[in-house]
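The lines below spell out each chain.
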Amino acid sequence: MLVKQFKFKRNNDKVGYRWTAESAVEAPGFYRGFTAVGKNLSDVKEFAALVRWCERTGTLEQLSEMHPPDFESRIQTTWGGNWYPHKRRLPDAR
């Protein structure tokens, strides 16, 4: 299930991170969400493009390793959800 389009919003923060990008996918038993705050609109758009590319290529679990070297100084990110929705949990053997 691919990430829906990211929504970009300008924050009122004059000093720090001025832009927010958010996207979430929800379905019964499934959730995946991504949020980024950055100093420039181009920074959060770069993160959104990276998320879309990782999802298309099946490498979402390596997302944190794919950031450019100066990424942490320009942007902060968070993501979470069900990364493997098709894997079934085995019942506890008690």
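Residues numbered from 1 in each chain as written. Predicted model: local features only at pLDDT ≥ 70, side-chain atom pairs only at ≥ 80, totals over all residues. Heavy atoms only, no water.

Caption draft 1: Seen up close, the pairing of strand β3 (residues 30-38). Here 9 bridges tie strand β2 (residues 19-27) to β3, and the two strands are oriented antiparallel to one another. Looking at the pairing, Ser23 lines up with Phe34 of β3. (Pairing = 2+ DSSP bridges. Helix = DSSP H or I, 4+ residues; strand = E, 2+ residues; numbered from the N terminus.)

Caption draft 2: Molecular detail of the packing of aromatic side chains. Evaluated as defined, the whole model comprises 2 aromatic pairs. On the numbers, 6.5 Å between centres and 45° between planes, the contact of Phe6 with Phe34 is tilted. Residue Phe6 is located in the segment before β1 (7-10), and its partner Phe34 is located in strand β3; the two are separated by 28 residues in the primary sequence. Each member of the pair, Phe6 together with Phe34, is buried. Ring geometry for Phe6 against Phe47: centres 6.4 Å apart, planes inclined by 85°, an arrangement best described as edge-to-face. One end of the pair, Phe6, is in the segment before β1; the other, Phe47, is in helix α1 (residues 41-57), and 41 residues separate them in sequence. (Phe/Tyr/Trp six-rings, centres within 6.5 Å; stacked < 30°, edge-to-face > 60°. Buried < 20%, exposed > 50% of the residue type's maximum accessible area, 1.4 Å probe, protein only.)

Caption draft 3: Quick look at the environment of Lys9. Along the chain, the position of Lys9 falls in strand β1. Residues Lys9 and Ala21, spaced 12 residues apart in sequence, show a C-alpha to C-alpha distance of 6.5 Å. Lys9 has contacts with Arg18, Trp19 and Thr20, leaving out every residue within four places of it along the chain. (Contact = heavy atoms within 4.5 Å.)

Caption draft 4: The arrangement of the environment of Thr35 in detail. Mapped onto the elements of the fold, Thr35 is located in strand β3. For the pair formed by Thr35 and Lys7, sequence separation is 28 residues and the distance between their alpha carbons is 9.6 Å. Other than its neighbours up to four places away in sequence, Thr35 contacts Thr20, Ala21, Glu22, Phe47, Gln76, Thr77 and Thr78.

Caption draft 5: Examining the nonpolar core more closely. In this structure, Phe6, Phe34, Val44, Phe47, Val51, Leu63 and Ile75 are the most contacted members of the largest nonpolar core, which totals 15 residues. Where this core is concerned, the elements lending two or more residues are β2, β3 and α1. For this core, the element with the most residues is α1, which contributes 6 residues. Sequence-distant contacts of Phe47, defined by excluding residues within four places in its chain, comprise Phe6, Phe34, Thr35, Ala36, Leu63, His67, Phe71, Ile75, Thr77 and Trp79. (Core = buried A, V, L, I, M, F, W, Y, C linked by side-chain atoms within 4.5 Å.)

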